[in-house]
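Below are the chains, spelled out letter by letter.
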Amino acid sequence: MAEQLGGLTRTHTCGALRLDDVDREVVLLGWVHRVRDLGGVLFIDVRDRGGVTQVVFDVADDDAMMAKAKRLRSEFVVGIEGRVRRRSAETVNPKLETGDVEVVVSRLTVLNEAKTPPFPVAEDSPVSEDVRLRYRYIDLRRPRLQSNIGLRHRVMMVMRRYFDDNGFWEIETPILTKSTPEGARDYLVPSRVHPGEFFALPQSPQLFKQILMISGMDRYVQICRCFRDEDLRADRQPEFTQVDIEMAFARPETIFDLIEPLMKDVFRVIGKEITTPFLRMSYAEAMAVYGSDKPDLRCGMPIQDMREVFRDCPFRVFKEIIAGGGTVRGFVVPDAGGYSRSEVDGIVDEAKALGATGLVWARRAEDGTITSSVMKALGEESIRAALDAAGVVNGGILLMAAGEPDATSKLLGQIRLSLAKRKGMLNPEDYRFLWVVDFPLLDWDPEEKRFVAMHHPFTSPVDEDLAVMATEPGKARAKAYDLVLNGSEVGGGSIRIHDAALQSRIFELLNISEDEAKKRFGFFVEALEHGTPPHGGLALGLDRLVAILANENSIREVIAFPKTATAVDLMSGAPSEVDPRQLRELHIATRT
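Residues numbered from 1 in each chain as written. Predicted model: local features only at pLDDT ≥ 70, side-chain atom pairs only at ≥ 80, totals over all residues. Heavy atoms only, no water.

A short note on helix 16 (residues 514-528)
Worth spelling out the cut-off: Here a helix means four or more residues in a row that DSSP labels H or I, a strand means two or more in a row labelled E, and each is numbered from the N terminus. Expected helix span is computed as 1.5 Å times (number of residues minus one). To get the bend at a given residue, fit one axis to the seven residues ending there, fit another to the seven starting there, and take the angle between those axes. The classification of residues rests on relative accessible area computed with a 1.4 Å probe and restricted to protein chains. Under 20% of the type maximum is buried, over 50% is exposed, and intermediate values are partly exposed. We call two residues contacting when some pair of their heavy atoms lies within 4.5 Å.
Helix length check: helix 16 (15 residues) gives 15 Å between terminal C-alpha atoms against 21 Å at 1.5 Å per residue, more than 12% under. Phe-521 marks where helix 16 bends most, by close to 95 degrees. Among the residues making up helix 16, those that are buried are Ala-517, Arg-520, Phe-521, Gly-522, Phe-524, Val-525, Ala-527 and Leu-528. In the core, the buried residues of helix 16 are packed alongside helix 5 (206-214) and helix 15 (500-509).

Structure below.
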C-alpha cells in the first residue's frame, strides 16, 4: 500500500550531497536504484534526475523499519529522512559524485511500489529498441537518456539566450495551416466545421516567417515542431524540432556571422571549443571533390580529377570515356599497406553493388613496388604517372572510377565514406563545420519533365545569374546555403525572393500556373506586393545537432518520445483507429 507524501519536502537531490553536508539532516525523494543486503546492514542506492546517493539501514537502529526496508525492490518510489555521514576510506565510491558520503536513515516512506521493470534501469545493458520504445517511461529513467534529454535542454537554453541577446523575438506560428505540397507529403487534419476541407500540419513555418519580415518584425526565431509524412531514417522523424530563424535586410554573410558564434556557445555546453570562421565550399566543388553536398571532412581523402593523366593512355575504356565528355576520378587511401588483396577486392565488389561497372586500383607498396588491377592494360609507366599525379606515397592505394562526372564522384564519395567508417577514420571528437553555398536554383525532374526547386520555390537566385534564367534556367545558382557538420546537414537556409515579379517568374519555371499559384500561395504573393524588405534565414535541425553533441547515431536517442522507423508510437499505440462517431462528425469514410 502506497504511503502519502504528507509533509515530506525534499531538501536535496540525490546527486547534491557532499562532505560539507556531513551531520546535516536531509530528505531525499526518488527511486530505488540498487539494493545490497549484507544481513545486519542494508544499503540502498536512491536515484533521481540529479544522481544517486547511498542510504544505510541498520538492524540495530529500528527492527520495524529494517523489516520495511527489506521489502524494497528496484524502482520503488521512496522518501528518505536521515543524517549525512562520511563514508569510511575503504567504502568511498569515486564513480559517484556523492561517493564520499551516505545517509543513515531515520525514517522510510514507501510512496509507491513498482512492478519488476522489463529491463534494468541501473545498467546500460543492450535492450531491443522496440522494447525500449514500448516502455519509454522506464527507458527515460536510464542515465544515458536522462543525460541526452538534459543536454538537449541546456542547448535550447543557450540558443534562447543567444537569440534574445541578438535582438530576436520568439514568435509562434500556426500549427493548423494550409496545405502547400511541394516536396514531402503533408499531414492533413480534417475540419469538422468545414466539411471536405483540411488543415495541414506545417512542414516548416516558411511562409509565415517571411510574412513576419513583411510585417516589420525584423528578427524572428522559434524553436518549433514540424511535420513531414516521409519515409524514415536514423536522422528523420515524422515530427521533429527545428530552430527557425529569419532576418530582414540579410545577406548570406549576415546569417553566417550570426550562426558561427552560436555554434561556439552550443559546443561549450559539452566543453568543446570549435574554430571559426567555418570553411565555405560551393555545391559544385563539394560534389566534385567529395561526391556529396554534405561532405564529411574528418577523413580527408579528397577526390581528384585524373583526366589529363589518362587522356592519351593506351587503356581504351578510359580513353573513350574521356573523349565522350566523361572523366576519370580517384582518391588516395593513405597508410593502406596492410590491406590484403581480399580487402581490396571487397572494395571493388562494394563499388559494383553501388552500381559501378568497375573500380580500378593502383598500389604503391611500402617498398615502392607498384601493382594495379589494370597493370596489363595501362602499363607500369601510366600507373606510375597516375600514382605520382595523385600524390600516392609508399603504403598508399589509389582507387579510380570513370564515367559521367557527377555520377563518378558520387560513387567514389560513397566508397570513401564507407572506408572511413570501417577503418575508424571518423573521430567523433573532431568537429568539422562547413558552409556549402551556391546550390543550383532548380533541378530537372525527368519523370515529371519539369524543373523543381532544389530547396524551395521562395529561394532567391544569385544576382549575377538573373540573366541566365531567361535562356538556361538550369544553370542559375541560388542564394542558398547548408550548414554541414561531420557529414550531416544540421542547418539549411537561403536569402528569399522579395520581389513579386521575380516570384511569379520562379512559379512559371516550376510549371506552377498563375491560377495554381494563387490557390496555393495567394495570400503570400499578395503580401509581397506590400513593401517586402530583402530577407533571409535558416533552420537548424535541433534533433540532429544534439545527437552529434551526445555522440549518438540516431536522433531517437535525443527525443523523449520518438516514433519507430515505421512511424508508430509503441508506448501509446498511435496511430490507431478512432470511434466511428468521430469520423461521421468529420464527414470521413475509411476504406481498407
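Focus: the environment of Glu-239
To keep things clear, this is the line we draw: Throughout this description, a polar contact denotes any pair of N or O atoms lying within 3.5 Å of each other; where both atoms belong to protein, one of them has to be capable of donating a hydrogen while the other can accept it, and for residues adjacent in sequence the pair is counted only when both atoms sit in side chains.
Turning to its location among the elements, Glu-239 is positioned in strand 10 (residues 239-248). Glu-239 sits 328 residues away from Ala-567 along the chain, and the two C-alpha atoms are 9.5 Å apart. If sequence neighbours within four positions are ignored, Glu-239 has contacts with Arg-225, Cys-226, Phe-227 and Lys-563. A distance of 3.0 Å separates the side chain of Glu-239 from the side chain of Arg-225, its partner in a polar contact.

As for the nonpolar core
Definition in use: Think of a nonpolar core as a cluster: buried Ala, Val, Leu, Ile, Met, Phe, Trp, Tyr and Cys residues, connected wherever their side-chain atoms sit within 4.5 Å.
Residues Met-159, Phe-163, Ile-245, Ile-259, Met-263, Val-266 and Leu-540 are the most contacted members of the largest nonpolar core, which totals 45 residues. Not counting chain neighbours up to four residues away, the residues in contact with Ile-245 comprise Phe-163, Phe-168, Lys-209, Tyr-220, Val-221, Leu-258, Ile-259, Arg-496, Gly-537, Leu-538 and Leu-540. Leu-442, Leu-509, Ala-517 and Val-525 belong to the second largest nonpolar core, which has 35 residues in total.

Thoughts on the packing of aromatic side chains
Using the following cut-off: Each Phe, Tyr or Trp ring (for Trp, its six-membered ring) is paired with any other whose centre lies within 6.5 Å, and the angle between the two planes then decides the class: stacked below 30 degrees, edge-to-face above 60, tilted in between.
Considering all chains together, one arrives at 18 aromatic pairs under this definition. For the ring pair Phe-507 and Phe-521, a centre distance of 5.2 Å and an interplane angle of 10 degrees mean the geometry is stacked. Of this pair, Phe-507 sits in helix 15 while Phe-521 sits in helix 16, and the two are 14 residues apart along the sequence. Put simply, the rings of Phe-267, Phe-278, Tyr-431 and Phe-433 touch in pairs and so form one group of aromatic residues.

Digging into the sheet that holds strand 15 (residues 370-372)
The strands that make up a sheet pair up through hydrogen bonds in the backbone, lying either parallel or antiparallel. As a reminder, the rule being used: Should DSSP find at least two bridges between two strands, the strands are taken to pair. For helices, the axis comes from a line fit to the C-alpha atoms of the stretch in contact; other axes are also lines fit to C-alpha atoms, and the angle between any two N-to-C directions lies between 0 and 180 degrees.
Across the sheet, five strands lie side by side as 12-13-16-14-15; this open sheet has antiparallel pairing. Here the strands that pair on one side only, and so sit at the sheet edges, are strand 12 (304-305) and strand 15. Of the strands in this sheet, strand 12, strand 13 (327-333), strand 14 (360-364), strand 15 and strand 16 (396-403) are in contact with helix 12 (residues 380-390), which crosses strand 14 at around 80 degrees.

With respect to the sheet that holds strand 3 (residues 51-58)
Taken in spatial order, the five strands line up as 1-2-3-5-4 and close into a barrel, and their pairing is mixed. If you compare each strand with its neighbour and ignore which way they point, the axes differ by 55 degrees on average. The pairing of strand 3 with strand 5 (residues 101-112) spans two bridges and is parallel. In the strand pairing of strand 5, Val-56 is matched with Val-104.

Some details on the packing of helix 4 (residues 143-165) against helix 17 (residues 542-549)
Put simply, the rule reads: Roughly parallel means an angle under 35 degrees; roughly antiparallel, over 145; roughly perpendicular, 65 to 115; everything else is oblique. Left-handed is the label given to a crossing in which the near helix is rotated counterclockwise from the far helix by less than a right angle, and right-handed is the label when the rotation is clockwise. Amino acids outside the nonpolar list (Ala, Val, Leu, Ile, Met, Phe, Trp, Tyr, Cys, Pro) and the charged list (Asp, Glu, Lys, Arg) are all regarded as polar, and Gly is one of them.
At their nearest, the axes of helix 4 and helix 17 sit 10 Å apart, and the two run at 120 degrees to each other. Here helix 4 lies oblique to helix 17, going by the angle between them. You can see that helix 4 and helix 17 cross each other, and the crossing is right-handed. Contacts between helix 4 and helix 17 involve Asn-148, Leu-151, Arg-152, Val-155, Met-156 and Met-159 from the former and Leu-542, Asp-543, Leu-545, Val-546 and Leu-549 from the latter. The residue makeup of the contact of helix 4 with helix 17, split by class, is eight nonpolar, one polar and two charged.

Here we look at a nonpolar patch on the surface
We apply this condition: Note that patches include only residues with greater than 30% relative accessible area and no salt bridge, and the join distances are 9 Å for like charges and 5 Å for nonpolar side chains (Val, Leu, Ile, Met, Phe, Trp, Tyr). For every accessible area listed, the method is Shrake-Rupley and the probe measures 1.4 Å; residues are considered covered only by the protein chains on display. The term salt bridge refers to a side-chain nitrogen of Lys or Arg lying within 4 Å of a carboxyl oxygen of Asp or Glu.
A cluster of nonpolar side chains, Ile-175, Leu-176 and Phe-199, forms an exposed patch at the surface whose accessible area comes to about 250 Å². Note that Leu-176 resides in the loop between strand 6 (169-170) and strand 7 (188-190).

Describing the side chain of Ser-191
Considering the arrangement of structural elements, one finds Ser-191 in the loop between strand 7 and strand 8 (198-200). Among the residues examined, Ser-191 registers a relative accessible area of 6% and is labelled buried. A polar atom in the side chain of Ser-191 sits 3.1 Å from the backbone nitrogen of His-194. Among all residues touching Ser-191, those that are not within four sequence positions of it are Glu-197, Phe-198, Phe-199 and Leu-586.

Structural notes on the pairing of strand 2 (residues 41-48)
A large share of strand 2 lies buried, amounting to seven of its eight residues. Pairing geometry for strand 1 (residues 25-37) and strand 2, over six bridges, is antiparallel. By the bridge assignment, Arg-36 is partnered in strand 2 with Phe-43. Adjacent in sequence and paired antiparallel, strand 1 and strand 2 are bridged by three residues, among which Gly-39 carries a positive phi angle near 90 degrees. Judged from the eight bridges that link them, strand 2 and strand 3 form a sheet pairing that is antiparallel. If you follow Asp-45 over to strand 3, its bridge partner there is Gln-54.

Quick look at the pattern of salt bridges
The final tally for this structure, using the stated rule, is 49 salt bridges. A salt bridge links Arg-236 to Glu-230; the shortest N-O distance between them is 3.5 Å. Judged by its relative accessible area of 25%, Arg-236 is partly exposed. Close ionic contact of Lys-563 with Glu-239 constitutes a salt bridge, the shortest N to O distance being 2.6 Å. Taken together, the residues Lys-563 in the loop between helix 17 and helix 18 (580-585) and Glu-239 in strand 10 connect sequence positions 324 residues apart.

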